[in-house]
Amino acid sequence: NFKHAYGKFVFDTTVVSLEPSSDPQSGGTIVLAVPQRIGVVQRRSYFRVNVPKSLRVHVVLWHRTSHRSSEERTHTYAEGVLMDISAGGAQVVVPLRRGAGDPAGAVGESDFRKGQFLGMRFTPLPYEQPLMFNAQVRNVLPTADRTGLCLGLQIVGLEASDEGRQVLSRLANVVEQYHRLNQT
């Protein structure tokens with residue numbers, strides 16, 4: 001087995017040969033036969049799924065702080081699109097603010113930072129009740145095309161109350177629904 005990115009890859013194989021290195025400080029190369037099957041074990045606490053391509057799930061984010069300055073607007077929010085979700089976190093892409101014609105809820109590059117707490121609301125499937133909870137920013141990265149920010153969010157505080165545990169249960173059901181939709 002070996003670890004790479006967010007997964008642990010497990011497989012059975014045989015060693016075909018050992019090739020020594022010309023550098024005495026390195027250990028050389030182990031040549032393996034191609035395994036018949038490779039399994040992936042997620043290293044996350046919860047199973048994460050992509051939002052089905054047939055859906056476009058809009059997300060509203062707002063800053064959670066008790067240290068608001070008097071000049072700061074009280075209704076500052078950002079709008080984005082949910083990319084993937086688990087019962088423990090989510091990935092949301094928000095558009096970057098570029099000019100006067102930008103969509104409502106677009107953000108500047110410095111509007112989010114690692115460790116920041118946010119409120120988050122989205123409707124998982126059309127005609128369902130929205131889900132609303134708090135999350136902490138774990139990662140802020142530009143999208144590949146540099147038109148948005150990709151926010152890695154960790155959902156926080158749901159285990160602390162009965163209401164929070166109900167939201168957590170709904171999140172787990174949403175993950176399962178998205179997984180089934182992705183399979184069809």
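Look up: the structure comes first, before these words.
Residues numbered from 1 in each chain as written. Predicted model: local features only at pLDDT ≥ 70, side-chain atom pairs only at ≥ 80, totals over all residues. Heavy atoms only, no water.

(A) Representation of the overall build of the protein within the structure. Of regular secondary structure, the protein possesses one helix and 12 strands. For the protein, the succession of helices and strands along the chain, N to C, is β-β-β-β-β-β-β-β-β-β-β-β-α. At a minimum sequence separation of 6, the contacts of the protein that also span at least 24 residues come to 56%. By element, 51% of the accessible surface of the protein is carried by carbon and sulfur atoms, the whole surface being about 12,500 Å². (Helix = DSSP H or I, 4+ residues; strand = E, 2+ residues; numbered from the N terminus. Contact = heavy atoms within 4.5 Å. Areas by Shrake-Rupley, 256 points an atom, 1.4 Å probe, with all protein chains shown as cover.)

(B) Broad picture of a nonpolar patch on the surface. A surface patch of nonpolar side chains, about 410 Å² in accessible area, is lined by Val-15, Leu-18, Ile-30 and Leu-32. As for its placement among the helices and strands, Leu-32 is situated in strand 4 (residues 29–32). Assessed through its relative accessible area of 40%, Leu-32 is described here as partly exposed. (Patch = residues over 30% accessible without salt bridge, like charges linked within 9 Å, V, L, I, M, F, W, Y side chains within 5 Å. Salt bridge = Lys/Arg side-chain N within 4 Å of Asp/Glu carboxyl O. Buried < 20%, exposed > 50% of the residue type's maximum accessible area, 1.4 Å probe, protein only.)

(C) Seen up close, the nonpolar core. The biggest cluster of nonpolar side chains holds 34 residues, and the ones touching the most others in it are Leu-61, Leu-82, Met-120, Phe-122 and Tyr-178. Elements represented by at least two residues in this core include exactly strand 7 (58–63), strand 8 (77–85), strand 9 (89–95), strand 10 (117–122), strand 11 (131–142), strand 12 (148–156) and helix 1 (162–183). The greatest single-element share of this core, amounting to six residues, is contributed by helix 1. Discounting chain neighbours no more than four positions away, the residues touching Phe-122 are Val-57, His-58, Val-59, Leu-82, Ile-85, Pro-130, Leu-131, Phe-133, Leu-171 and Tyr-178. (Core = buried A, V, L, I, M, F, W, Y, C linked by side-chain atoms within 4.5 Å.)

(D) Molecular detail of the pairing of strand 7. Taken together, the five bridges between strand 7 and strand 8 define a ladder with antiparallel strand orientation. Bridge pairing in strand 8 places His-58 opposite Val-81. Two strands pair when backbone bridges link them, and strand 7 and strand 10 are joined in this way by five bridges, in the antiparallel orientation. The partner of Leu-61 across the bridge, within strand 10, is Met-120. (Pairing = 2+ DSSP bridges.)

(E) Quick peek at the side chain of Ser-86. Relative to the assigned elements, Ser-86 resides in the loop between strand 8 and strand 9. Under the relative-accessibility criterion, Ser-86 is labelled buried at 3%. Only 3.0 Å separates the side chain of Ser-86 from the backbone nitrogen of Gly-88, close enough to count as a polar contact. (Polar contact = N/O pair within 3.5 Å; in protein donor to acceptor, adjacent residues only side chain to side chain.)

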